[in-house]
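Here is what each chain is made of, one letter per residue.
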Amino acid sequence: MTDTYDSVTRTPERIAVLGGGSFGTSLASIAATKGARVRQWMRDDALAREITEQHHNSRYLPGIELNPTIKANTDMAWVLEDAELVLIAIPSASFRAVVRMARPWLNEHQVLLSTTKGIEESTFSLMSDIVREETDSTHVGVLSGPNLASELAAGHLTATVVASDDPFTRASAQACLSCDYFRVYASNDRYGVELGGALKNIYAIGVGMAAALGMGANTKSMIMTRALAEMSRFAVSLGASPLTFLGLAGVGDLIVTCSSELSRNYRIGYAVGEGRTLDDAIETLGQVAEGVNTVRLVHQRASQEGIYMPLADGLYRVLFEGVSPQDMGLTLMRSDHSSDVEFTLSRQDAQRDHHSLYETNQDPRT
Ligand SMILES: NC(=O)c1ccc[n+]([C@@H]2O[C@H](COP(=O)([O-])OP(=O)(O)OC[C@H]3O[C@@H](n4cnc5c(N)ncnc54)[C@H](O)[C@@H]3O)[C@@H](O)[C@H]2O)c1
Ligand SMILES: O=P(O)(O)OC[C@H](O)CO
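Residues numbered from 1 in each chain as written. Chains lettered and ligands numbered in written order. Predicted model: local features only at pLDDT ≥ 70, side-chain atom pairs only at ≥ 80, totals over all residues.

### What about the UniProt feature "active site" (unreviewed entry) in the protein chain?
So, step 1. Following the UniProt record, one finds the feature "active site" (unreviewed entry) at K200.
So, step 2. Relative to the assigned elements, K200 resides in helix 8 (residues 190-212).
So, step 3. Residue K200 is classed as buried on the basis of its C-beta count, with 32 C-beta atoms lying within 10 Å.
So, step 4. If near-sequence neighbours (up to four positions away) are discounted, K200 is found in contact with M231, D253, L254 and T257. (UniProt positions renumbered as here; feature names shortened; annotations may be inferred. Helix = DSSP H or I, 4+ residues; strand = E, 2+ residues; numbered from the N terminus. Buried ≥ 20, exposed ≤ 12 C-beta atoms within 10 Å, placed from the backbone. Contact = placed C-beta atoms within 7 Å.)

### Let's talk about the site of ligand 2
So, step 1. Around ligand 2, the structure places K117, P146, N147, L148, N201, A204, D253, V256, T257, S263, R264 and N265.
So, step 2. When contributions to the shell around ligand 2 are tallied by element, the ones reaching two or more residues are helix 8, helix 10 (248-259) and helix 11 (264-273).
So, step 3. Examining the composition of the shell around ligand 2, we find that three residues originate from one element, helix 10, more than from any other.
So, step 4. For the shell around ligand 2, a count of residues per class yields four nonpolar, five polar and three charged.
So, step 5. For the shell around ligand 2, the two domains that each supply at least three residues are domain 1 (13-188) and domain 2 (198-339). (Near = placed C-beta within 6 Å. Nonpolar A, V, L, I, M, F, W, Y, C, P; charged D, E, K, R; others polar. Domains from an automatic or database assignment.)

### Considering the packing of helix 8 against helix 10
So, step 1. Relative to each other, helix 8 and helix 10 sit at 30°, their axes nearing to 8 Å. Taken together, the axes of helix 8 and helix 10 lie roughly parallel to each other. Viewed along their axes, helix 8 and helix 10 form a crossing whose handedness is right-handed. Taken together, the residues of helix 10 that come into contact with helix 8 (itself represented by V193, G196, G197, K200, N201, Y203, A204 and V207) are A249, G250, D253, L254, T257 and C258. (Axes fitted to C-alpha atoms, helices over the stretch in contact; angles between N-to-C directions. Parallel < 35°, antiparallel > 145°, perpendicular 65-115°, else oblique. Left-handed = near helix turned anticlockwise from the far one by under 90°.)

### Here's the deal with the environment of R59
So, step 1. For R59, the position within the fold is in the loop between helix 2 (45-54) and strand 3 (71-73).
So, step 2. As for R59 and S22, which are separated by 37 residues in sequence, their C-alpha atoms are 8.5 Å apart.

### Notes on the UniProt feature "binding site: sn-glycerol 3-phosphate" (unreviewed entry) in the protein chain
So, step 1. The UniProt record marks K117, G145, K200, D253, S263, R264 and N265 with the feature "binding site: sn-glycerol 3-phosphate" (unreviewed entry), using the residue numbering of this structure.
So, step 2. With respect to the element layout, G145 can be found in the loop between strand 6 (139-144) and helix 6 (149-153).
So, step 3. Its 25 C-beta neighbours within 10 Å are what place G145 among the buried residues.
So, step 4. What G145 contacts, discounting residues up to four positions off in sequence, is A159, T160, V161, L248, A249, G252 and D253.
So, step 5. Assignment of secondary structure puts D253 in helix 10.
So, step 6. Sequence-distant contacts of D253, that is, excluding residues within four places in its chain, are made with S144, G145, P146, G196, G197, K200 and L248.

### Things to note about the sheet that holds strand 6
So, step 1. Ordered by their spatial adjacency, eight strands build an open sheet running 3-2-1-4-5-6-7-8, and the pairing between neighbours is mixed. This sheet does not close on itself; its edge strands, each paired only once, are strand 3 and strand 8 (182-187). Neighbour to neighbour, the strand axes of the sheet diverge by 25° on average, direction disregarded.
So, step 2. Where strand 5 (residues 111-114) lies against strand 6, four bridges are found, and the strand directions are parallel. What sits directly across from L112, in strand 6, is V140. (Pairing = 2+ DSSP bridges.)

### Some remarks on the site of ligand 1
So, step 1. Neighbouring residues of ligand 1: 26 residues in total, closest G21, F23, S94, K117 and A149.
So, step 2. Counting only elements with at least two residues in the shell around ligand 1, the list comes to helix 1 (22-33) and helix 4 (92-102).
So, step 3. Its residues assigned to classes, the shell around ligand 1 shows 11 nonpolar, 12 polar and three charged.
So, step 4. Both of domain 1 (13-188) and domain 2 (198-339) provide at least three residues apiece to the shell around ligand 1.

### Focus on the pairing of strand 5
So, step 1. What you see with strand 5 is no split at all: V111 and L113 on one side and L112 and S114 on the other are buried throughout.
So, step 2. Bridge count between strand 4 (residues 85-88) and strand 5: four bridges; the pairing is parallel. When the bridges of strand 5 are listed, L87 appears paired with L113.
So, step 3. Taking the sense of rotation as the criterion, the β-α-β connection linking strand 4, helix 4 and strand 5 turns out right-handed. (Right-handed = clockwise from strand over helix to strand, strands pointing away.)

Here you go:
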């Protein structure tokens, strides 16, 4: 990838964020701290006033002090007025509806970035596909990586990936959001980056279940490692690059989501592992856990395409067919071993793969 950070001549100055939840608010605060005019759209007027006047989002980011210049509002036209870059942080179930609502005030020059890690139920579309279908923008991208919203809002050091086939989109997003605690890498594998963000949620549910059953670090490591093989197998068969899964939006996001009790998907899995019903776990969480829907959609798609996904299939059976997590764990461990080969690379293959990995993942700024 030759187009780099330097191809943007200036940082976008007017940013709109659609969504009043934890991630949209975290990103709004970063962009505002970098000096941009930031307007944030949400449905809840009381929350909008709290963000604008008290600089808190007590429902979704309790205890976090937000940048005081963010202006939140329920008026979509006002939020999108003159916006150069629009961050869309709306759960996948409502994503298309909100993009349609925004459409009258969007134009082909704006950069439109999805930050949502899910798949549309009725179409199996990824969010950037929806943006492309519903708008005229030629600058469409996605942002995904190990980015727990509350840690990001607290300024803990992390990184993310902005992926687009359009160099202007990548560079604009890097310029808009890169700061001392948030490093933004560029990729042209939009599909892989977006699928990585959606797929890792499935396995965080599985690791949460294992934790609730008292399993330790060996078990979690096994699930995460096989999950990586499984999710990249699925994504590659749909056209993504396998190398993306060795980066921040693949293994990076998988690790954080499977390791942290801050993850909503992990918490859903933990609750089910403790013996609670899925409905009860979702209601108690009170926030979106995209993995629940994603596991259903991926199970269905993998069956149609004949893609081997034992972990996702097992999780589907636990969440939707009443199989207990304990029984599923045993079933997976007792399944046929004859095809359990990890890697059989020649030395030449390994050298070629290592070379192509580091060429592809090269940070364009170094
Ligand atoms: N929270 C994180 O740590 C995090 C990190 C990276 C990516 N994401 C992704 O970001 C997306 C949004 O997640 P979040 O964490 O901000 O969710 P959240 O549960 O914190 O908030 C969701 C927000 O979306 C709003 N919303 C839902 N339906 C809506 C509709 N029809 N119209 C308008 N607003 C609507 C809710 O009112 C709420 O403000 C998810 O796909 C998630 O996977 C989340
Ligand atoms: O809280 P989760 O499980 O939706 O995960 C949050 C982020 O995707 C972590 O990068």
